[in-house]
Amino acid sequence: MQLFKKKSYIQNKKSMIQQTLAIIKPDSVRKNYAGKILSMIDDNGFAIKAIKGIHLDTRDAKRFYSIHEGKPFFEDLVNFITSGPCIAIILEKENAIIDFRRLIGATNPKEADEGTIRKNFAESKTSNAVHGSDCEGNALYECSFFFSGQERF
Ligand code: CMP
């Protein structure tokens, strides 16, 4: 299913090519949803600029999610993301950050819109299928967290 219109002839002045970090989280990998999620990503016009499988250890998970340190869900978040391998991906398209957040759907899958990844595949706020960077600064940090220059296409 495609949530976004193909590129229009009249470009929105605010459009810009961006990169964002996506993670197909351990629940999705365990349940074999990775192929279907990658297909939704492709259908919605994102180009894959880097991709790899990785099993985060606790130290790296705490570093990656350091902006959430001290929040009540932090420990569950770290335990969950380290519970198995995940797939990290750099995605590129116009307005990639906001468009991928839209494709993902709300953090709580019960509140996610029809046709979003979390509506289709997530179970709960913790076990929520995918991650997407929430702003330009975090996208830059998160892409560099997982990928060196040599690992990018
Ligand atoms: P993610 O997109 O990976 O970014 C931060 C994560 O924190 C988020 O997905 C959720 O898995 C988790 N998270 C955010 N808010 C809550 C919450 N209120 N309760 C539990 N987990 C949360």
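So, how was this worked out
- Residues numbered from 1 in each chain as written.
- Predicted model: local features only at pLDDT ≥ 70, side-chain atom pairs only at ≥ 80, totals over all residues.
- Heavy atoms only, no water.
- Patch = residues over 30% accessible without salt bridge, like charges linked within 9 Å, V, L, I, M, F, W, Y side chains within 5 Å.
- Areas by Shrake-Rupley, 256 points an atom, 1.4 Å probe, with all protein chains shown as cover.
- Salt bridge = Lys/Arg side-chain N within 4 Å of Asp/Glu carboxyl O.
- Helix = DSSP H or I, 4+ residues; strand = E, 2+ residues; numbered from the N terminus.
- Buried < 20%, exposed > 50% of the residue type's maximum accessible area, 1.4 Å probe, protein only.
- Near = heavy atom within 4 Å.
- Polar contact = N/O pair within 3.5 Å; in protein donor to acceptor, adjacent residues only side chain to side chain.
- Nonpolar A, V, L, I, M, F, W, Y, C, P; charged D, E, K, R; others polar.

Let's talk about a nonpolar patch on the surface
There is a patch of nonpolar side chains on the surface, built from Ile48, Ile51 and Phe153 and spanning about 280 Å² of accessible area. With respect to the element layout, Ile48 can be found in strand E2 (residues 47-54). For Ile48, a relative accessible area of 33% corresponds to the partly exposed category.

Regarding the site of the ligand
Neighbouring the ligand are Lys25, Tyr65, His68, Phe73, Leu77, Thr107, Arg118, Lys125, Thr126, Asn128 and His131. Contacts to the ligand include Lys125, whose backbone N or O atom sits 2.9 Å from an oxygen atom. A distance of 2.9 Å separates an oxygen atom of the ligand from a polar side-chain atom of His131. Notes on the ligand: free accessible area 450 Å², of which the protein chains cover 81%. Residues belonging to the shell around the ligand are distributed by class as follows: three nonpolar, five polar and three charged.

By themselves, these are just geometric observations and shouldn't be taken as functional.
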